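# Reading the structure
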Amino acid sequence: MIVKFIARRLLASVIVVLGVTAVTLTLMDRTRGAYVPGIDLNPALRPEDIARLRADLGLDQPFYQWYVTWLWNVLHGDFGRSMIDGSPVLTHILERLPNTLELTLTAVVLGILISIPLGVIGALRRGSKTDHALTVFSVAGFAVPQFWLGLMLILVFSVTFEHYGWPWLPSGGVTSPFGGGDIGDRLLHLIMPATVLSFFYLSLWSRFTRSSMLEVLSQDYIRTARAKGMSERRVVYLHGLRNALIPLVTLIGLELPGLVSGGLIVEVVFSWPGLGRLAFERALQYDYTTVMGVVFFVTLLVVAGNLLADVLYAVLDPRIRYS
Amino acid sequence: MIRDEEAEDKGFEQFERFLEDWSRRDFLRRMGGAAAWTAFSGGVLEFLDACAGGNTTTSVTAKKGGHIVEGAFSDVRTFNSMLSSDTASNQVIGLMFDGLLNSKKNGDLVGALAQDLPKTSTDGLTYTFKLRPNLKWSDGQPLTADDVIFTYQLAYDPKYADVASPRRGDLSKYIASVTAPDPQTVVVTTTQVFAPFLATHGQYGILPKHVLGSLSAKEINTADFNKAPTVANGAFKFVSWQSGQQVTLVRNDNYWAGPALLDQYIYKVLPDSTTVANQLKTGEIDIGPVDPAQYDSVKASGNVAITEFPVAIFDFYAYNLDPTKLGGKLFAQKEVRQALVYALDRQSWVNAIYFGHASVATSVEPPTSWAFKAKPQVVYNFDKAKANSLLDAAGWAKGSDGIRANKDGLKLQFEMHTNAGNKQRESLLTVMQQSWKDIGVDATPKLIQFPQLVTEIVSTRAFDMFLVGFSWTQDPDEAPLFHSRNAAPGGFNGADFKNADVDAALDGALVTLDKNKRKQLYYQFQDIMSDQVPAPILMFNVGLWGTSKRVMAADFGTYNQFQQRPWMKDVWVSDGK
Amino acid sequence: MIDPGGITQLDLPGAAIEGEARRPAQSYWNESWERLRANRIGVFCGALILILALIAIAAPVFSQFVTHFDPARQHLSDNFRSPGHPYLLGTDELGRDTLTRLIYGGRVTLGVAFLTVALSLTLGTTVGLVAGYYGGWPDDILMRVVDVFLAIPAIFLFILMSILFRPNAITLAAIIASVGWGGVARLVRGEVLSVKQRDFILATRSIGARDLRLIFRHLLPNVLPVLIVAASLGVGQIILIEAALDFLGLGIQPPTASWGNMLTNAESYFFHSGWLVVFPGVTIFVTVLASNLFGNAVRDAFDPRLKAH
């Protein structure tokens, strides 16, 4: 039974991935016009040279031929070469993937670490001023443009702090270009971008934790535990929180596939060399191969992640397999 | 070349006009530090005086050691001087690979790997270079004429036809042969007299034959050397390249001019001008280009010295003169083209758009050129009344909706294109729209991506009007933009401008090495262009570079901005770190 | 979940005595509406958005009678002015009046937001209803299509499409909607599936009601509350997306003003005038906040089951 389930989901995933590639390539096909990517304006380039370069890059082929060739190569692990600098696309992707993951995973961890206490406090002090303040904070966090927040933080914690001689945070990059690279340096560079990125998760999860906590605390078994004379602390944390966290884990799990692409704005603001920024900058330069490679790669991760999650749920919850 | 954000320099021969001005600067240069430059005035430009406040001017002894970080907008694409076509790559290549010649900041050519300027034959077709004695690569191998020949062959020799060199077009056209009668001498013979030859083609970084010589043409395109050069002949040699982040170079002790003072040079890639400004302020980078909008903020921080000087870069727009296109029907009359320029109050833009760091353009040659004519035949001051009367006289009467139309009912209504992401150009289109609205012309700005703009200008010509910046070499030749043969698809004469007199002047100036003759022809050229205005030049730009206070002896100048930096080896840092 | 269109008559003891004084019939809708009205914050936020929308629609009126400026007119010598007279909120780098631009920018931003919501709700609801109601292979195919659109990271799709289709307000709305409709479709389908099995549906079908009638008269009203919530929250999210795209240079292009590109523009000139950042930033923040709070209020009102407490 479970094998059939997995097989069906797998098939669906494959179709989805193919569909994504089709959509992406169709879009990019529109721009395969006269422009040869990477060839900056140069009066010395003769029309014959341009034509030869276009042929080399395969820009002359009809769409279906291009698509099939590309797909065939990708399935063999050959993502092609960047049209801008000729480096293998996969190299670029694998170089940048750790950076993106470093950023987004830190943001998730930060989000979890902050939103759980906030949610618990809100639930325990429901209706109080603290609760209201926390609610406002979390709702507000949802309403701030990410790039604005990032730029403001840089202005304050990098430029202004440095100006006044206070300890200041670096304004971009993964490490210091000179003499950096150790864990302390990396952490310093990570603080601001991860905070900005986690803001979004914070708002969502703290509210969710709060409501989940409240729902659990109103359950019968909590009343029973109290009636049994268990200390309030044990009631709240041992029974309440643990059960309240289960749906939160689900929610967090839903976010994981979005990890690889969600940080694009933050990556741009903090000049973070990640996948999102790679795709964005190359898209502006019409570097088809790199953009398609990144989109495909990320989609693959997303779909694989979803598939894995579905399978795990099916294993854990028999009801799902039969639906 | 058309530039997106940065210039690409090439060299040229001496021009005496600058010598007086520049000797003043030699004095300032000896004072050390990132001294400021005053732009000369042709009677039209303002004096720009930016003093490096607080910079040490006492004689400080240069310290050996330390590093600098330079911030820039684009990542490098290749380290092969014959394959690169972008500013970023050329900039870093220039630090690792010297050419036969280099440029001083005033544009004068000086010997680099060649001991001196070449001897030119009387017929102007042969250049004989004598290389310096005992040139070595960073790995100890000798650098000889063979390396020079090999480098140029990559672009002109048929056996290397598969090498994807952007230089092939020109080099295969102009080079007849490159030979070496002895290991210290290189003889270049051209197919025709080509005045800009040395400036344009004499500064390419020389590549090592002992590393690349055994590769086939196709292999050279994808050689590892292009991403990680194993040897260098310049002031620095390669250490590492983290794509999208930074390039790290260290001192090359075998450099012919003596080892550099710095231990390390780091080229850091940043997304935009605000980030560059912020990082200059915090000290995360030591050198970086400063956007005019950021000038005040960087200056106010107090720990960055800003150098300012005129450059051979200008912002201009072009009318589409192709008679089959809309532009051709609207802009065919000279009076219309002139009227539109008279309607622009460019002086007010200097402060509003460039924050004082630009000047109103008066001619089609940049003010840094020895062939610049400050007051050509027609000078366009802001004259709205004249604009209106010219348009009326040309038969474009204001309609009831306020927009002018000709007697066939065709409205003076069009789109202006420029690339997104450049604040000055966006603002230019906005103010132009309003200036023209005030005289009954309806122009709509449209921002498109840079690659698309390039395609429009060079191939499809699908525009009514476009606005870009263009940066020139030391040579005053402007045939790429204005000669009629470049109006064919693939050329930069996007305006489709065809004028026999201009063609004659431009062609004549290329085939003689007599500077006076050339100057006369270029004066003629500028006069005609000022009258015909197919592509009105709007503003002359200035170069703005910020250096942190700890950086000493950086010597930026008009032609020493990106690629040509012979002074880099003398740069040192005051804290020695 | 709810009784579609059913009226529950309340026979109150006092009715016979008082005659006409019967408590009005309380349908689910009326109850929810009452709950919403009682939520003062929700009402305030809803009203705020409405007022902003009205101001945006009446932009030319404001420009003529209140601020006396054209949003595009530059006054180069008056740039970077602080709030005061005659520029109520100051001017930008080309001397254009900030307040007027903010109002016209609201037209663009709110226009994009509402249009996007309308487009994605229409498409998503249609697909969701069809997929949920008919099931079988139409469901499979439609949901696979939805999956495809949901799998592509939204931001990448935005980038690609913005580069290809030079965005004006309308195409931008279409671009953002093309990503959002998938979520709506899933949501609607879920609702439909849970309602489909209910007795009243089976009953209605058994008496021979046509499909379309069933869908519109009975399924749609059930789905509506979810849509309203999605719409309210969506407006806020889309404003933020538009701002993000403007920051990347892919949204509304200057010189047309939108809140997002005013904010982005202002960042470069922060040193020259901090006010330029404040006003669009505050406007965006307040509007998004209001839309979030209103969306929450609607959700609380229409489905107490979802309420936090």
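To keep things clear, this report deals only with the structure shown in the data block.

Thresholds applied
- Residues numbered from 1 in each chain as written.
- Chains lettered and ligands numbered in written order.
- Predicted model: local features only at pLDDT ≥ 70, side-chain atom pairs only at ≥ 80, totals over all residues.
- Heavy atoms only, no water.
- Helix = DSSP H or I, 4+ residues; strand = E, 2+ residues; numbered from the N terminus.
- Buried < 20%, exposed > 50% of the residue type's maximum accessible area, 1.4 Å probe, protein only.
- Contact = heavy atoms within 4.5 Å.
- Buried area = accessible area lost by both parts, 1.4 Å probe.
- Salt bridge = Lys/Arg side-chain N within 4 Å of Asp/Glu carboxyl O.
- Polar contact = N/O pair within 3.5 Å; in protein donor to acceptor, adjacent residues only side chain to side chain.
- Nonpolar A, V, L, I, M, F, W, Y, C, P; charged D, E, K, R; others polar.
- Axes fitted to C-alpha atoms, helices over the stretch in contact; angles between N-to-C directions.
- Parallel < 35°, antiparallel > 145°, perpendicular 65-115°, else oblique.
- Left-handed = near helix turned anticlockwise from the far one by under 90°.
- Pairing = 2+ DSSP bridges.
- Core = buried A, V, L, I, M, F, W, Y, C linked by side-chain atoms within 4.5 Å.

Take the overall build of chain C next. On a plain count of helices and strands, chain C comes out with 12 helices and 0 strands. Reading the secondary structure of chain C in the N-to-C direction produces α-α-α-α-α-α-α-α-α-α-α-α. Expressed as a percentage of the 309 residues in chain C, the buried residues total 52%.

This next bit is on the interface of chain C and chain A. Bring the parts together and some accessible area is lost; that lost area is often taken as the interface size. Between chain C and chain A, the residue contacts involve 36 residues of the former and 45 residues of the latter. Taking both sides of the interface into account, the surface hidden between chain C and chain A amounts to around 3500 Å²; carbon and sulfur atoms contribute 83%. Three residues, C:Phe156, C:Leu164 and C:Phe247, lead the burial of chain C against chain A; their summed loss comes to 18% of the area buried on that side. The interface formed by chain C and chain A holds 0 salt bridges in total. Counting across the chain C and chain A interface gives 0 residue pairs in polar contact (both at pLDDT 80 or more). Looking at the side of chain C that touches chain A residue by residue, the classes come out as 28 nonpolar, 5 polar and 3 charged.

Time to look at the packing of helix α4 (residues 89-124) of chain A against helix α9 (residues 232-255) of chain A. All names here are of chain A. The N-to-C vectors of α4 and α9 enclose an angle of 135 degrees; their axes lie 12 Å apart at closest approach. Taken together, the axes of α4 and α9 lie oblique to each other. Classified by chirality, the crossing of α9 by α4 is right-handed. When α4 is examined against α9, the residues Val108, Ile112, Ile116, Val120 and Leu124 are found in contact with a partner set consisting of Val236, Tyr237, Leu241, Leu245, Leu248 and Ile252. Partitioned by chemical class, the residues of the contact of α4 with α9 number 11 nonpolar, no polar and no charged.

Take the pattern of salt bridges next. Residues and elements named next belong to chain B. Inspection of the entire model under this criterion finds 31 salt bridges over all chains. Its salt-bridge partner being Lys105, residue Asp555 comes within 2.7 Å of it at the nearest N-O pair. One end of the pair, Asp555, is in the loop between β21 (551-552) and β22 (572-573); the other, Lys105, is in the loop between β3 (101-103) and β4 (109-111), and 450 residues separate them in sequence. By relative accessible area, Lys105 is classed as buried at 7%. The salt bridge involving Asp263 is made with Arg251; its shortest N-O contact spans 3.0 Å. Of this pair, Asp263 sits in the loop between β10 (246-251) and β11 (264-269) while Arg251 sits in strand β10; the two residues are 12 residues apart in sequence, bridging distant segments of the chain.

Let's shift gears to the pairing of β11(B). Residue and element names in this part refer to chain B. Counting buried positions along β11 gives 5 out of 6 residues, so the element sits mostly inside the fold. Where strand β2 (residues 67-72) meets β11, 6 bridges bridge the pair, whose relative direction is parallel. Across the sheet, residue Val69 finds its bridge partner in β11, namely Ile266. Pairing geometry for β10 and β11, over 5 bridges, is antiparallel. Looking at the pairing, Val250 lines up with Gln264 of β11.

Counting from both sides, the interface comprises 22 residues of chain C and, opposite them, 26 residues of chain B. Carbon and sulfur atoms make up 55% of the area that chain C and chain B hide from each other, which totals about 2000 Å². At the boundary of chain C with chain B, the tally comes to 1 salt bridge. With its nearest N and O atoms 3.1 Å apart, the salt bridge here joins C:Arg73 to B:Asp438. Here chain C and chain B share 6 residue pairs in polar contact (both at pLDDT 80 or more) between them.

The next thing to look at is the sheet that holds strand β8 (residues 185-190) of chain B. All names here are of chain B. Strand order across the open sheet formed by 4 strands is β5-β6-β8-β7, with antiparallel pairing between neighbours. Since the sheet does not close on itself, it has two edges, and those belong to β5 (119-120) and β7 (175-182), each with one partner. Strand direction decides the pairing type here: β7 and β8, joined by 5 bridges, are antiparallel. In the strand pairing of β8, Asp182 is matched with Thr185. In this fold helix α3 (residues 145-156) packs onto β7 and β8, with an angle of close to 165 degrees to the strand it touches most, β7.

On to the packing of helix α10 (residues 211-248) of chain C against helix α12 (residues 275-302) of chain C. Residues and elements named next belong to chain C. Interaxial distance between α10 and α12 falls to 8 Å at its minimum, and their mutual angle equals 165 degrees. One finds that α10 runs roughly antiparallel with respect to α12. The two elements α10 and α12 cross, and the hand of that crossing is left-handed. Touching Pro225, Ile228, Val229, Ser232, Leu233, Val235, Gly236, Gln237, Ile239, Leu240 and Ala243 of α10 are Ile284, Thr287, Val288, Ser291, Asn292, Phe294, Gly295, Asn296, Val298, Arg299 and Phe302, all from α12. Residues of the contact of α10 with α12, tallied by class, amount to 13 nonpolar, 8 polar and 1 charged.

With that out of the way, let us pick up the nonpolar core. By size, the foremost hydrophobic cluster in this structure holds 161 residues, and its most contacted members are B:Tyr152, B:Phe316, B:Tyr317, B:Trp349, B:Phe414, B:Met432 and B:Trp436. Sort the elements by how many residues they give to this core and strand β13 (residues 304-319) of chain B lands first, with 9 residues. Setting aside anything within four residues of it in sequence, one finds B:Trp349 in contact with B:Leu344, B:Tyr354, B:Leu428, B:Val431, B:Met432, B:Leu538, B:Met539 and C:Leu76. Grouped together as the second largest cluster of nonpolar side chains are 156 residues, A:Leu264, C:Leu102, C:Leu220 and C:Ala244 included.

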